[in-house]
Amino acid sequence: MSNLIKCECCNADISDESKCCIHCGQPINNEELSFDYLYNGKRLLPIRYSDTLKKIQLLKETGNVEVFDKNYKVKNIICSAHNNTVDVILDDYEE
Ligand SMILES: [Zn+2]
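Overview of the structure. Not measured: the values here are computed from a predicted model. (Residues numbered from 1 in each chain as written. Predicted model: local features only at pLDDT ≥ 70, side-chain atom pairs only at ≥ 80, totals over all residues.)

1. Remarks on unusual backbone geometry
Glycine aside, residues mostly have negative phi, and peptide bonds are mostly found in the trans state. Its identity as a non-glycine residue notwithstanding, N11 has a phi of 70°, on the positive side. Considering the arrangement of structural elements, one finds N11 in the loop between β1 (4–6) and β2 (13–15). A count of 11 C-beta atoms within 10 Å places N11 in the exposed class. A positive phi angle is found at N40, which is not glycine, with a value near 55°. Within the secondary structure, N40 sits in the loop between β3 (33–39) and β4 (42–43). (Helix = DSSP H or I, 4+ residues; strand = E, 2+ residues; numbered from the N terminus. Buried ≥ 20, exposed ≤ 12 C-beta atoms within 10 Å, placed from the backbone.)

Laid out in structure tokens, this is it:
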């Protein structure tokens, strides 16, 4: 029997047997995800880096991130189940 769990991305009820959220595409059981940092429509890092679902939680909790010694505010996090990628949309960090 499957249980209902909350999607970490959109908070909808989904089956814990799902591979991804049927509402927003957030991967549920995949440990490794590829992350992209996007600022003004441009990718900040030359290559994608891999991390786990916990990284999304951390980004949401802190609300900001440091890339190349510069601080950015996390504006949005977009998850795609199709290729296990997570786009982290960044904005200027306000002091
Ligand atoms: Zn979802």
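2. A look at the pairing of β3
In summary, the side chains of a regular strand alternate between the two faces of the sheet. As paired elements, β3 and strand β5 (residues 49–51) share 3 bridges and run antiparallel to each other. By the bridge assignment, S34 is partnered in β5 with S50. Pairing geometry for β3 and strand β8 (residues 85–92), over 6 bridges, is parallel. Bridge pairing in β8 links L38 to I89. Here 2 bridges tie β3 to β4, and the two strands are oriented antiparallel to one another. What sits directly across from Y39, in β4, is K42. (Pairing = 2+ DSSP bridges.)

3. Considerations on the pairing of strand β6 (residues 64–67)
The pairing of β6 with strand β7 (residues 70–80) spans 4 bridges and is antiparallel. If you follow V65 over to β7, its bridge partner there is Y72. Connecting β6 to the next strand, β7, in antiparallel fashion are 2 residues, including F68 with a positive phi near 50°.

4. Structural notes on the nonpolar core
Core analysis: the largest hydrophobic core is formed by 12 residues, namely C9, I14, C20, C21, L33, Y37, I56, V74, C79, V86, V88 and L90. Of all the elements in the fold, those that place two or more residues in this core are β3, β7 and β8. When residues of this core are assigned to their parent elements, the largest contribution, 3 residues, is made by β8. For C21, the residues in contact, after removing those within four places along its chain, are C7, C9, C10, A12, I14, Q26 and I28. (Core = buried A, V, L, I, M, F, W, Y, C linked by C-beta atoms within 7 Å. Contact = placed C-beta atoms within 7 Å.)

5. Some remarks on helix α1 (residues 53–62)
The element α1 is largely exposed, with a buried count of 1 among its 10 residues. Residue G63 follows α1 closely and has a positive phi angle near 75°.

6. Details of the environment of N40
For N40, a count of 9 C-beta atoms within 10 Å corresponds to the exposed category. Sequence separation of N40 and L90 is 50 residues, and the distance between their C-alpha atoms is 7.7 Å.

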